[in-house]
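A look at the structure
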Amino acid sequence: MSLSPTTPRSSRPATANRPRRVRKPISCAPCRDSKLRCDRQHPCATCRRRGLVPSCCYPNTSRTPVRVDSGLEASQEFNTSHLLSPGQVSIPDAQGEPEGPASEGHARWEAIFERPVNPLCDPPVALSSEQGQVTDGKVCFPFHFGPSVSKEHILATLPPRESCDYLISQYFLRLSPLFHVLHGPTFQRQYNTFLENPYGADLAWVALLFTVLSMVLNTLEEDDVPLAERLWLQQLQYTSLQEIASQYRKSAMLCLSEDNFLIRHSLNTLEALLILLYGISHNDGVEQTWALLGTAHNIGIALRCNLKSKLPAMSYIEFERRRRCWAGICLLHTYQAILFRDVDVSFLLDKQELELFPADMSMIMFKLRLFKLSSRICQRLSTQLDEHTLTQFDAEIASEQAQWDKLFLIDGKPSVLDIASYAHWCILQQYAHQLYLLIHRSFCTRQSAGGTDRRVQSQLKCISSGAALLEIQRLFFEVPRLRHYRWYVYGMTSFCALHGAVALASCLLMQPEEFDSSVYRAAFNAAVVRIEAIKGRSPICVKALPILRGLQNMLQPERAQVSTTNTNAGVETHNVPEEWAETLPWLSMDMINWDVWQDIVDGSA
């Protein structure tokens, strides 16, 4: 019922002889739908900024839409002439455009209440419900993903066909062997189908494609990019490969949002999420993946990825894809278990499950076994270790190392035919030596309960493991056969190298004068030079460099002598191993208190 008086229909004057005036739209269709300001140009500035030039048209006017190719034919390859940079697919500000009295009131109240436009609902009408908004049978969750972007404009940001082929091949060369969740033949068939009909591809698979491209771009060095790809990147006017990788990651997340992945998901959805999580864990930090990992875990259960046996109606390939996804979920959970010691992921892992993995997933299998051991170690580190427990953990780590040598080495030497196996061996050794440092560090100090012999043995073990971590960093950075895995050195590998360098310096400062430390000091000095060279692409190296330079000064014989004789000047060098052994967590880059080490090196300077 209206609150204002109205004139009865019968009393209104007749208008049969007077034509009805049709109000012409003053905004283009995309601006009208999104309630954005339109400058009435052809195309308008807003559509140019949003990458919606093909859709910029003015209904019921003489203006015609700007035409572009509606799709890619099967024989047509990607052409850079029609491409938009990823930055052009942006989420605009929700500034309303008045379209008559009703629209003015609506826009005004939308602005007052800051009600977001939900892209998962089809305009113009949406019915509210207690569970969210329902339109044409689709449920829309009440959080803001931004205005909807068409599939054409998402696909327009893809690289040319040849560049796409190259980047995908590099993904399966550089990344897939380390996080083997994608079934290669299946992805190849899906990619071939996509090339035949790009605009018919499922958005979940498009998200997977953008995720793969983003991940591999983060692994490339500038001199890894062929001439054709370099020209394409120059056309996009990006300053670095990492910048366009970040944009592609946003495109992947946009595809997932447009696909309503929270309630509509497939194996492609899960694969895209897991690869995204793996990249975020290595590039941004494990702690940033916790909430999204829980979503991926629940999607995996919904897709029955945790089944231990194949269902009769399920093909062997589909079963293997699910097993790979579940292995990826377990692996990502173990990262959380390392970071947060009170997280118990043992319910995800058991011996029977590990034995069911395919042979080409041996890397993930060994990682899961090792992280299961490391979870036990981290739980035990909450109290003081005794010698018996230390010996037991030592033996278990050594047993795992023996299995790696047997599978990944040939007569104790790296294979020259299988580069991935050598990378696998190095990565696993890195985690093993960090565990050695964690369990031995409390026995290195003068106050340890194990006695002199135990203290000396633990110090020597920490010296050898610390040097091993520096050597692994050197291998990934310098050895030609590991060039495709150099990206690994910019994140966790350099953090583990920092842990090794601090442990090495701390234990060397505790050694008597007759101890020959020349080889270890040379390795430490080389690591400082290497970390300085890496810091341009590694935030951890930027933080680590001043700390290591301070420790480098302490390791100089004349500097060490002055510090040990002058016990009242500043912070003594023998306090360095005390700080390393007792007060600092070495399980996460973000958990390290850099100010503590800066105070140590400043006070000893």
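Residue indices begin from 1 for each chain and proceed along its sequence in written order. Per-residue local features are limited, in this predicted model, to residues with pLDDT of at least 70; the limit for side-chain atom pairs, both in listing and counting, is 80 or more; totals at the level of whole chains, interfaces and linings are taken over all residues. Note: side-chain values were computed over all heavy atoms of the structure, leaving out hydrogens and water.

A few points about the overall build of the protein
Defined as follows: Helix and strand definitions follow DSSP, with helices as H or I runs of at least four residues and strands as E runs of at least two, each counted in order from the N terminus. Contact definition: two residues touch when any of their heavy atoms are within 4.5 Å. Computed with the Shrake-Rupley method and a 1.4 Å probe, the accessible areas treat only the protein chains shown as cover for residues.
Helix and strand counts for the protein come out as 23 helices and five strands. Sequence separation of at least 24 residues holds for 72% of the intrachain contacts in the protein that already meet a minimum separation of 6. On the protein, roughly 29500 Å² of surface is accessible, and the fraction owed to carbon and sulfur atoms is 53%.

Quick word on the pattern of salt bridges
Note the following rule: One side-chain nitrogen of Lys or Arg within 4 Å of one carboxyl oxygen of Asp or Glu is enough to make a salt bridge. Accessibility here uses a 1.4 Å probe with only protein chains present; expressed as a share of the type maximum, an area under 20% marks a residue as buried, one over 50% as exposed, and anything in between as partly exposed.
Counted according to the given criterion, the structure contains 14 salt bridges. Close ionic contact of Arg161 with Asp165 constitutes a salt bridge, the shortest N to O distance being 3.1 Å. Placement of the pair is Arg161 and Asp165 together in helix α5 (residues 161-174), with a separation of four residues, close to one helical turn. Residue classification places Arg161 among the partly exposed positions, given a relative accessible area of 24%. Connected through salt bridges with shared partners, the residues Glu271, Glu318, Arg321 and Arg322 form a single ionic network.

Observations concerning the nonpolar core
Formally: Here the nonpolar core consists of buried residues drawn from Ala, Val, Leu, Ile, Met, Phe, Trp, Tyr and Cys, with membership extended through side-chain atoms lying within 4.5 Å.
Counting 138 residues, the largest nonpolar core has Phe194, Leu209, Leu270, Leu274, Tyr278, Phe476 and Phe524 as its most contacted members. Here this core gets 13 residues from one element, more than from any other, and that element is helix α16 (residues 419-440). Among the nonpolar cores identified, the runner-up in size contains eight residues, and Cys31, Cys44, Leu52 and Tyr58 belong to it.

Points about the packing of helix α18 (residues 492-508) against helix α20 (residues 539-555)
Quick note on the threshold: Comment: axis = line fitted to C-alpha atoms, over the contacting stretch for helices; angle = value between 0 and 180 degrees taken between N-to-C directions. Here is the rule for angles: anything less than 35 degrees is roughly parallel, anything more than 145 is roughly antiparallel, 65 through 115 is roughly perpendicular, and the remaining ranges are oblique. Here a crossing is called left-handed whenever its near helix is offset anticlockwise from the far helix by less than a right angle, and right-handed whenever the offset is clockwise. Three classes are used: nonpolar for Ala, Val, Leu, Ile, Met, Phe, Trp, Tyr, Cys and Pro, charged for Asp, Glu, Lys and Arg, and polar for all others, with Gly counted as polar.
At their nearest, the axes of α18 and α20 sit 11 Å apart, and the two run at 15° to each other. Taken as axis vectors, α18 and α20 run roughly parallel relative to one another. The way α18 lies across α20 gives a crossing that is left-handed. Of the residues in α20, those in contact with Ser494, Phe495, Leu498, Ala501, Val502, Ala505 and Leu508 of α18 are Ile540, Cys541, Ala544, Leu548, Leu551 and Leu555. Classifying every residue of the contact of α18 with α20 by side-chain character gives twelve nonpolar, one polar and no charged.

Some words on the state of the cysteines
As used here, a disulfide is simply a covalent bond connecting the sulfur atoms of two cysteines. To be explicit about the condition: Cysteine sulfur pairs qualify as disulfides if the two atoms are within 2.5 Å.
Taken as a whole and assessed by the stated rule, the structure comprises zero disulfides. Cys507 takes part in no disulfide bond, and the closest cysteine sulfur, belonging to Cys444, lies 4.1 Å away.

Here's the deal with the environment of Leu307
As for its placement among the helices and strands, Leu307 is situated in the loop between α11 (290-302) and α12 (316-339). Judged by its relative accessible area of 21%, Leu307 falls in the partly exposed class. Separated by 16 residues in the primary sequence, Leu307 and Arg323 place their C-alpha atoms 8.0 Å from one another. Other than its neighbours up to four places away in sequence, Leu307 contacts Phe319 and Arg323.

Remarks on the packing of helix α7 (residues 203-217) against helix α9 (residues 241-258)
The N-to-C vectors of α7 and α9 enclose an angle of 165°; their axes lie 8 Å apart at closest approach. Of the possible angle classes, the one that applies to α7 and α9 is roughly antiparallel. Where α7 crosses over α9, the two elements pack in a sense that is left-handed. Residue-level contacts link Leu203, Val206, Ala207, Phe210, Thr211, Leu213, Ser214 and Leu217 of α7 to Leu241, Gln242, Ile244, Ala245, Tyr248, Arg249, Ser251, Ala252, Cys255, Leu256 and Glu258 of α9. Looking at the contact of α7 with α9 residue by residue, the classes come out as 13 nonpolar, four polar and two charged.

Some remarks on the packing of aromatic side chains
Heads up, the rule is: Note on ring pairs: Phe, Tyr and Trp rings are taken, using the six-membered ring of Trp, and paired if centres are within 6.5 Å. Classes follow the plane angle, with under 30 degrees stacked, over 60 edge-to-face and the rest tilted.
Inspection of the entire model under this criterion finds eleven aromatic pairs. Consider the rings of Phe210 and Tyr248, whose centres lie 5.4 Å apart with planes at 55°: the pair is tilted. One end of the pair, Phe210, is in helix α7; the other, Tyr248, is in helix α9, with 38 residues separating them in the sequence. Neither residue differs from the other here; Phe210 and Tyr248 are each classed as buried. Ring centres of Trp487 and Tyr488 lie 5.1 Å apart, and the angle between their planes is 75°; this geometry places the pair in the edge-to-face category.

Section: the environment of Ala204
As for its position among the elements, Ala204 is in helix α7. Residue Ala204 is classed as buried on the basis of its relative accessible area, which comes to 0%. Setting aside its immediate chain neighbours within four residues, Ala204 contacts Asp259, Ser266, Asn268 and Thr269.

Looking at α5
Note the following rule: Helix span is expected to be 1.5 Å times the residue number reduced by one.
Taking 1.5 Å per residue, 14 residues should reach 20 Å; α5 reaches 20 Å between its end C-alpha atoms and fits that length. Looking only at α5, the buried set comprises Ser163, Cys164, Tyr166, Leu167, Ile168, Gln170, Tyr171 and Arg174.

A few points about the confidence of the model for the protein
Should pLDDT be low for a region, the predicted coordinates there are not to be read in detail. Counted only if it meets this: Values of pLDDT, ranging from 0 to 100, describe the predictor's confidence in every residue of the model.
When pLDDT is averaged along the protein, the result is 74; 66% of the residues meet or exceed 70. Across residues 1-16, confidence stays below pLDDT 50; counting only partners more than four residues off in sequence or on other chains, it has one contact. The model gives residues 89-144 a pLDDT under 50, and that stretch makes 80 contacts with residues more than four places away or in other chains.

Here's the deal with unusual backbone geometry
A positive phi angle, close to 55°, is found at Asn260, a residue other than glycine. Within the secondary structure, Asn260 sits in the loop between α9 and α10 (267-283). For Asn260, a relative accessible area of 11% corresponds to the buried category. The backbone phi angle of Asp411 is positive, close to 55°, even though this residue is not glycine. In this structure, Asp411 sits in the loop between β4 (409-410) and β5 (413-414). Judged by relative accessible area, which is 77%, Asp411 ranks as exposed.

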